[in-house]
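For reference, the chains in residue letters:
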Amino acid sequence: MKTINLKNKTVFVTGASGFIGSNLCKRLLEEESEIRVIGLDNMCEYYDVRIKEDRLEELQKFDNYTFIKGNLADKELINKIFEEYKPAVVVNLAAQAGVRYSITNPDTYIESNLIGFYNILEACRHNPVEHLVYASSSSVYGSNKKVPYSTDDKVDNPVSLYAATKKSNELMCHTYSKLYNIPSTGLRFFTVYGPAGRPDMAYFGFTNKLIKGETIQIFNYGNCKRDFTYIDDIVEGIFRVMKGAPDRQEGKDGLPIPPYAIYNIGNSNPESLLDFVTILQEELVRAGVLPEDYDFDNHKELVPMQAGDVAVTYADTTLLERNYGFKPNTQLREGLRKFAEWYKAFYIK
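Residues numbered from 1 in each chain as written. Predicted model: local features only at pLDDT ≥ 70, side-chain atom pairs only at ≥ 80, totals over all residues. Heavy atoms only, no water.

**Student:** Tell me about the sheet that holds strand β4 (residues 65-69), and please be specific about residues and values.
**Tutor:** Paired through their backbone hydrogen bonds, the strands of a sheet run either parallel or antiparallel. Pairing is parallel in the open sheet, where 7 strands are placed in the order β4-β3-β2-β5-β6-β7-β15. Bordering the open sheet on either side are β4 and β15 (260-265), each of which pairs with just one other strand. Put simply, the sheet's adjacent strands are angled 15° from each other on average, direction ignored. Across 5 bridges, strand β2 (residues 10-14) lies against strand β3 (residues 36-41) in parallel orientation. (Pairing = 2+ DSSP bridges. Helix = DSSP H or I, 4+ residues; strand = E, 2+ residues; numbered from the N terminus. Axes fitted to C-alpha atoms, helices over the stretch in contact; angles between N-to-C directions.)

**Student:** Go over the pairing of strand β5 (residues 89-92) with me, naming the residues and quoting the values.
**Tutor:** Within a regular beta strand, the side chains point alternately toward one face of the sheet and then the other, so they alternate between its two faces. Burial along β5 is two-sided: Val89 and Val91 facing one way and Val90 and Asn92 facing the other are all buried. Bridging between β2 and β5 involves 4 bridges; their strand directions are parallel. When the sheet's bridge partners are listed, phenylalanine 12 is paired in β5 with valine 90. As judged from the 4 bridges shared by β5 and strand β6 (residues 131-137), these two strands associate in the parallel manner. Bridge pairing links valine 91 to valine 133 in β6. (Buried < 20%, exposed > 50% of the residue type's maximum accessible area, 1.4 Å probe, protein only.)

**Student:** Let's hear about helix α6 (residues 161-180): which residues, and what values?
**Tutor:** Between its first and last C-alpha, α6 extends 28 Å over 20 residues, near the 28 Å set by a 1.5 Å rise per residue. Every buried residue of α6 is accounted for by Tyr162, Ala163, Thr165, Lys166, Lys167, Asn169, Glu170, Cys173, Tyr176 and Ser177. Two residues or fewer past α6, asparagine 181 is found with a positive phi of approximately 60°. (Expected span 1.5 Å × (residues − 1).)

**Student:** Tell me about unusual backbone geometry, residues and numbers included.
**Tutor:** Across the junction of valine 147 and proline 148, the peptide omega takes the value -5°, indicating a cis bond. Within the secondary structure layout, proline 148 lies in the loop between β6 and α6. With a phi close to 55°, glutamate 34 is a non-glycine residue in the positive phi region. In this fold, glutamate 34 is placed in the loop between α1 (19-31) and β3. The class of glutamate 34 is exposed, set by a relative accessible area of 51%. One non-glycine residue with positive phi stands out, namely threonine 191, at about 35°. Locating threonine 191 in the fold gives a position in the loop between β7 (184-189) and β8 (192-193).

Laid out in structure tokens, this is it:
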């Protein structure tokens, strides 16, 4: 593994106003000396754009942050960014997210997740970088019955278009890594949550509905389990991985061995949706988002599994621990407490 010192270097982060991207940019700007961060985001209205604007406003307080509003699928723009800023490290977090949305809006997934990612790979090919890090997803494990999920498992059975695009990213990146010797690392994230998160995620959507007195639907009759991973743990994982790139090596045939790696970043502690909802409602009451006498039982409905969903996600993070000395460990209650406090401050005030 090659250690990368980020001092005096430029890092290009796509999806920089997104949930993970904005938190990563802030971490880099606060902790890395003399770094320059270039952020790209299209500021799309897939969810409440006020949250993205708030994240962007926070980042623009830093003099060494440059924001570019644009689309990852705009090849000319991506090439111009690489030629002008010459990033040493690229972190591709821009993507159309969401499993259920991919069933009704497939076009946006092809544009952002396939064409957009192809543009990044081509730019890295023609403008060599020290390390390309990109977001994959736990959804690539699809209907895998073996738990915990290991990066050694076969992932040939995606159950949503979103999952298929993320698996495609891994395959495309492996090819470019092999052909053009680009050090690349894919990160399979497991159910990321936390303050200023994505409103389409369950904990956020549940909160919005409970405030309005609406009924929340709990899929698979509450028997789903998710490996909820707090945002700070995700960012810590990316932060460490960025600075340790796969080595460039030659095989016996004289051709490059792909400097390519895949890691899971998850909490390795799946929680049932019913337990999750119980903790969430307790923390919403504690934060003053909901009244103490709120009748939760009248606002819960157990429903069957939805198309594209899986019953359990569960990360094996052994490889991440071994190579980077890190294991996510934030407890669900602690993370949901911080979310509830943020929600109160942002929406209720």
